[in-house]
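Architecture and fold: a report
One-letter residues, chain by chain:
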Amino acid sequence: QVNLVESGGGLVQPGGSLGLSCVASGDIASINEMSWYRRAPGKARELVADIRRDGRTKYGDLVKGRFTISRDDGKNTVFLQMNNLKPEDSAEYYCYVGVISTTRSFDVYWGQGTQVTVSS
């Protein structure tokens, strides 16, 4: 079993910045992909950013050039730096990880979510 703890959400003015982090703990041998998703009220969940174990990244079209995803495998942590935030970035943000356990099984896990609100 793996537990994810997210932090860093909050209220920020348009044009401002926020950083999110998500720490994974538990039965972890290695982590493959680490991702951030978001869901705004009345909208479908969407991929914000994804980072593979080899460092390859992928970003949603709406955040390219403004958000940066990174990871620290030594701390089982994924980060999301969000710059030039816009009101339409307001949403609940969730981290998602694909974990290989010490018994070599593969499972995916979701964080509890952290709210980001961009408003003046």
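Residues numbered from 1 in each chain as written. Predicted model: local features only at pLDDT ≥ 70, side-chain atom pairs only at ≥ 80, totals over all residues. Heavy atoms only, no water.

Brief notes about the overall build of the protein chain
If you tally the helices and strands in the protein chain, you get zero helices and eleven strands. In sequence order, the secondary structure elements of the protein chain are arranged as β-β-β-β-β-β-β-β-β-β-β. Against the globule reference of 14 Å for 120 residues, the protein chain gives a C-alpha radius of gyration of 14 Å, in line with a compact fold. Each of the three principal axes of the protein chain carries a C-alpha extent, and together these read 50 × 25 × 25 Å. Within the protein chain, the proportion of its 120 residues that are buried is 43%. A sequence separation of at least 24 residues applies to 54% of the contacts in the protein chain between residues at least 6 apart. When the accessible surface of the protein chain is summed, it comes to about 6,300 Å², and 47% of that surface belongs to carbon and sulfur atoms. (Helix = DSSP H or I, 4+ residues; strand = E, 2+ residues; numbered from the N terminus. Rg over C-alpha atoms; globule rule 2.2 N^0.38 Å. Buried < 20%, exposed > 50% of the residue type's maximum accessible area, 1.4 Å probe, protein only. Contact = heavy atoms within 4.5 Å. Areas by Shrake-Rupley, 256 points an atom, 1.4 Å probe, with all protein chains shown as cover.)

A few points about the sheet that holds strand β1 (residues 2-7)
The strand order across the open sheet built from four strands is β1-β3-β8-β7, with neighbouring strands paired in antiparallel fashion. Looking along the sheet, the strands with just one partner apiece sit at the ends: β1 and β7 (67-72). Within the sheet, the average angular offset between the axes of one strand and its neighbour, ignoring direction, is 15 degrees. When strand β3 (residues 18-26) meets strand β8 (residues 77-82), the two strands line up antiparallel, connected through six bridges. Bridged to L20 within β8 is L80. (Pairing = 2+ DSSP bridges. Axes fitted to C-alpha atoms, helices over the stretch in contact; angles between N-to-C directions.)

Some details on the state of the cysteines
Under the counting rule described, the total for this entry stands at one disulfide. Note that C22 is cross-linked by a disulfide to C95, the S-S spacing being 2.0 Å. Placement of C22 in strand β3 and of C95 in strand β9 (residues 91-100) is noted, with a sequence separation of 73 residues between them. A residue is classified by how much of its surface remains accessible, and C95, at 0% relative accessible area, is buried. (Disulfide = S-S within 2.5 Å.)

Examining the environment of V23
Its place among the elements puts V23 in strand β3. Non-local contacts of V23, meaning those with residues more than four positions away in its chain, are made with N3, L4, V5, K75, N76 and T77.

Topic: the pairing of β7
Here β7 shows a buried face lined by F67, I69 and R71 and an unburied face lined by T68, S70 and D72. Taken together, the six bridges between β7 and β8 define a ladder with antiparallel strand orientation. In the strand pairing of β8, R71 is matched with V78. Hairpin geometry of β7 and β8 is characterised by an intervening segment of four residues between the two adjacent antiparallel strands and by a positive phi of about 50 degrees at N76.

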